[in-house]
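# Structure assessment
Take a look at the letters that make up each chain.
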Amino acid sequence: MNVNTLEFLNRISFFSILSWSFFMVAAVSALVLTNLRSSLIRKYRSPLISVALSSLLLGVVSTGTPYFLRSLNPDQSRLTPIDQLTITQWVEPVSNPETTLQNEDETSWLKNIPYRFKYKLQFNPYEFSRLISIHESTMVIMDQKGTLRGFNAYSGLNHWSIELQSQKVLSTMQVLKKLYILDRVFSLDALRVTCIDLQNPSVLWQRFIPNSKDGELSFFPETQSVLITTGANGVWSILAKTGEVLWKRPEIYSKTMAIPSQKHVLVFEPVVANRAGAWYFIDPTTGKVVQKAPHVYPEISSFTPIAASKTASEYFLAKVNPEQFFYMKHTDLSTGWSFNASEPIHSTLIVDSEHYFAFYESKMLELRNIATNDLIWQKKMSGVLNTWMRFTPDHQYFTLPTESSDGNAGVAFYELGTGNYLFTAKTSEPIIDMVFFGDWFYLFSELHVWAFQNEARAR
């Protein structure tokens, strides 16, 4: 039996298997009674009729039991008992980090920047999927089997793992010394919120919200609560410390980020079928709707709050579809501007409180002013992938992964103010992600992580 078959069987509920079994017995008994005419069947006709009717009745009962249980617990949410939380495992990798490299091409490009190679760690026996968080000296990643893994970001040692069995990570959030992950698991048709202590790597609490597939996380500081949009199960506020439910609004359909804004939470509900779309202003303490405003947007694919500054305060950037996005104020929903592009936009990315990037599917890249949407520069980015973009800590440069051909891979560096190409950091494997953290930066492939330190700033 292969892994896919096991995953499929794990998704089938106990009540479904039970009801199918009873219905099968009832169907077989009915066929025997109606098609066979032997004396043995006539002799035991009454017991067979009883078996068929009993199986049919039990099948109906086992089918209806989940709906009955749901009526007793409408939100079907549950907090995992402490003794059932996944335990952290401490295990070192198969090989120690390399501190010297045989392939000089992997470090020759460092002459362009004041960084020096520190170590190269092999992700054996697992493969890298995505970076989750970096906190103080701890780097946290997710492998391709859904296991959370952490290690010392400065040495590559002190490894630990938590087997979350995550199918898909939807949203992550780091608040002070805690990490919050919203994901879907292989064995359940549900959303799961997990709180992890980053100082002492361990699961503090988990909450499941069944019958939900999409959602986002955000945080409201005044109530110290995690805001969760769950689609069909509505909007939830959960206490960040314990995982207990503060309030929920199951009637509001929303799967985009709930935006904290001064004294309220702004929630977007799209136009669904004949139901009009609406913006909800929700009291963060009680969950009551303070105000409701209509809109005509069928969906918003991305929702990015803008940090407060002299030119941008309490605003957010929203992408409606591949060609349209707008800039709006949280407090009164006044629109700063709305933009209809001439071609589909792959992604938008906030550079700082005053600038953002619009990356088109044709690989045209634009740097624009957030407050006015004025174009600053425009460049055709050839030979790169638009899967991700990163900025150096001083915001002088930005990076993009290069297209991999004939075994060549790497990360291209560009000047942020002009978009001019500077150089390419060549690597032996395609780079999935890159992150700058303090005086360090890291390159991730499926099998390795390379660590580099800015020695000039470290002195």
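So, a few notes on the structure that sits alongside this text. (Residues numbered from 1 in each chain as written. Predicted model: local features only at pLDDT ≥ 70, side-chain atom pairs only at ≥ 80, totals over all residues. Heavy atoms only, no water.)

## Observations concerning the overall build of the protein
A tally of helices and strands in the protein yields five helices and 34 strands. By residue count, 47% of the 459 residues in the protein fall in the buried class. Considering only contacts in the protein between residues 6 or more positions apart, those separated by 24 or more positions represent 42%. Here the protein displays about 23000 Å² of accessible surface, and carbon together with sulfur accounts for 54% of that area. (Helix = DSSP H or I, 4+ residues; strand = E, 2+ residues; numbered from the N terminus. Buried < 20%, exposed > 50% of the residue type's maximum accessible area, 1.4 Å probe, protein only. Contact = heavy atoms within 4.5 Å. Areas by Shrake-Rupley, 256 points an atom, 1.4 Å probe, with all protein chains shown as cover.)

## Focus on the packing of aromatic side chains
Tallied over the full model, the rule gives 33 aromatic pairs. Look at phenylalanine 357 and tryptophan 377: their rings are 5.6 Å apart centre to centre, the planes differ by 65°, and that puts the pair in the edge-to-face class. Of this pair, phenylalanine 357 sits in strand E25 (residues 355-360) while tryptophan 377 sits in strand E27 (residues 375-380), and the two are 20 residues apart along the sequence. An aromatic cluster is built from Trp109, Tyr115, Phe117, Phe436, Phe441 and Phe452, whose rings are joined through pairwise contacts. Stacked on the ring of tryptophan 236, the Lys or Arg lysine 248 has its end atom at 5.7 Å from the ring centre. Sitting over the ring of phenylalanine 339, arginine 368 keeps its end group 4.5 Å from the ring centre. (Phe/Tyr/Trp six-rings, centres within 6.5 Å; stacked < 30°, edge-to-face > 60°. Lys NZ or Arg CZ within 6 Å of the ring centre and 35° of its normal.)

## Things to note about the environment of aspartate 197
Among the structural elements, aspartate 197 can be located in strand E10 (residues 190-197). In the structure, aspartate 197 is positioned 17 residues away from tyrosine 180 in sequence and 9.1 Å away in space, judged by C-alpha atoms. If we skip the residues at most four places from it in the chain, aspartate 197 touches Lys177, Lys178, Ser202 and Leu204. At a separation of 3.0 Å, a polar atom in the side chain of aspartate 197 contacts the main-chain amide nitrogen of glutamine 199. (Polar contact = N/O pair within 3.5 Å; in protein donor to acceptor, adjacent residues only side chain to side chain.)

## Comments concerning the sheet that holds strand E28 (residues 390-391)
Either a parallel or an antiparallel arrangement is found when strands of a sheet pair, and the pairing is made through backbone hydrogen bonds. Here we have four strands laid out as an open sheet, ordered E28-E29-E30-E31, and antiparallel in their pairing. Whereas interior strands pair on both sides, the edge strands pair on one side only; in this sheet they are E28 and strand E31 (421-427). Pairing analysis gives two bridges linking E28 to strand E29 (residues 397-401), with the strands arranged antiparallel. From the neighbouring strand, phenylalanine 391 faces E29, where its bridge partner is phenylalanine 398. (Pairing = 2+ DSSP bridges.)

## Focus: the nonpolar core
Residues Trp109, Phe441, Leu443 and Phe452 are the most contacted members of the largest nonpolar core, which totals 18 residues. Among the elements of the structure, strand E3 (115-122), strand E30 (409-415), E31, strand E32 (433-437), strand E33 (440-444) and strand E34 (448-454) are those that each provide at least two residues to this core. Beyond its immediate sequence surroundings of up to four residues, tryptophan 109 is in contact with Phe423, Thr424, Ala425, Lys426, Phe441, Leu443 and Phe452. (Core = buried A, V, L, I, M, F, W, Y, C linked by side-chain atoms within 4.5 Å.)

## Things to note about unusual backbone geometry
Of note, the bond from asparagine 124 into proline 125 is cis; its omega dihedral lies within 30 degrees of zero at 10°. Phi angles above zero are rare outside glycine, and leucine 176 is one such case at about 55°. By the element assignment, leucine 176 lies in the loop between strand E8 (166-175) and strand E9 (178-185). In the Ramachandran plot, glutamine 224 falls in the positive-phi region, its phi being about 50° despite a non-glycine side chain. By the element assignment, glutamine 224 lies in the loop between strand E12 (216-220) and strand E13 (225-229).

## Observations concerning the side chain of threonine 88
Along the chain, the position of threonine 88 falls in the loop between strand E1 (78-79) and strand E2 (89-90). At a separation of 2.8 Å, a polar atom in the side chain of threonine 88 contacts the main-chain carbonyl oxygen of proline 201. Ignoring any residue separated from it by four or fewer positions in sequence, one finds threonine 88 in contact with Trp160, Ser161, Ile162, Pro201 and Ser202.

## As for the sheet that holds E12
Strand order in this open sheet of four strands is E12-E13-E14-E15, and the pairing throughout is antiparallel. Because the sheet does not close on itself, it has two edges, and the strands there are E12 and strand E15 (245-249). With strand direction ignored, the average angle separating the axes of adjacent strands in the sheet is 20°. Pairing analysis gives four bridges linking strand E14 (residues 235-239) to E15, with the strands arranged antiparallel. Bridge pairing in E15 places isoleucine 238 opposite valine 245. (Axes fitted to C-alpha atoms, helices over the stretch in contact; angles between N-to-C directions.)

## Thoughts on the pattern of salt bridges
Taken as a whole and judged by the stated rule, the model has nine salt bridges. A salt bridge links arginine 149 to aspartate 143; its shortest N-O distance comes to 2.8 Å. What makes aspartate 143 buried here is its relative accessible area of 3%. Linking arginine 249 and glutamate 251 is a salt bridge whose minimum nitrogen-to-oxygen distance equals 2.3 Å. (Salt bridge = Lys/Arg side-chain N within 4 Å of Asp/Glu carboxyl O.)

## Focus on the pairing of strand E23 (residues 335-340)
Of the strand pairs in this sheet, strand E22 (residues 324-329) and E23 are connected by five bridges, and their pairing is antiparallel. Each residue of the ladder has a partner; that of phenylalanine 326, found in E23, is serine 338. Where E22 hands over to E23, the hairpin turn is made up of five residues, of which leucine 333 adopts a positive phi near 60°.

## Notes on the pairing of E27
Here strand E26 (residues 364-369) runs beside E27; their pairing, made up of five bridges, is antiparallel. Across the sheet, residue leucine 365 finds its bridge partner in E27, namely lysine 379. What sits between E26 and E27 in their antiparallel hairpin is a turn of five residues, with asparagine 373 showing a positive phi close to 65°.

## A short note on the environment of threonine 372
Inspection of the secondary structure assignment puts threonine 372 in the loop between E26 and E27. The exposure class of threonine 372 is partly exposed, given its relative accessible area of 45%. For the pair formed by threonine 372 and histidine 355, sequence separation is 17 residues and the distance between their alpha carbons is 9.8 Å. A polar atom in the side chain of threonine 372 sits 3.0 Å from the side chain of aspartate 374.

## Re the environment of arginine 116
With respect to the helices and strands, the residue arginine 116 is situated in strand E3. Arginine 116 sits in the partly exposed class, given a relative accessible area of 38%. Taking the C-alpha atoms as reference points, arginine 116 and tryptophan 440, 324 residues apart in sequence, are found 9.3 Å from one another. For arginine 116, the residues in contact, after removing those within four places along its chain, are Leu110, Ala451, Phe452, Gln453 and Glu455.

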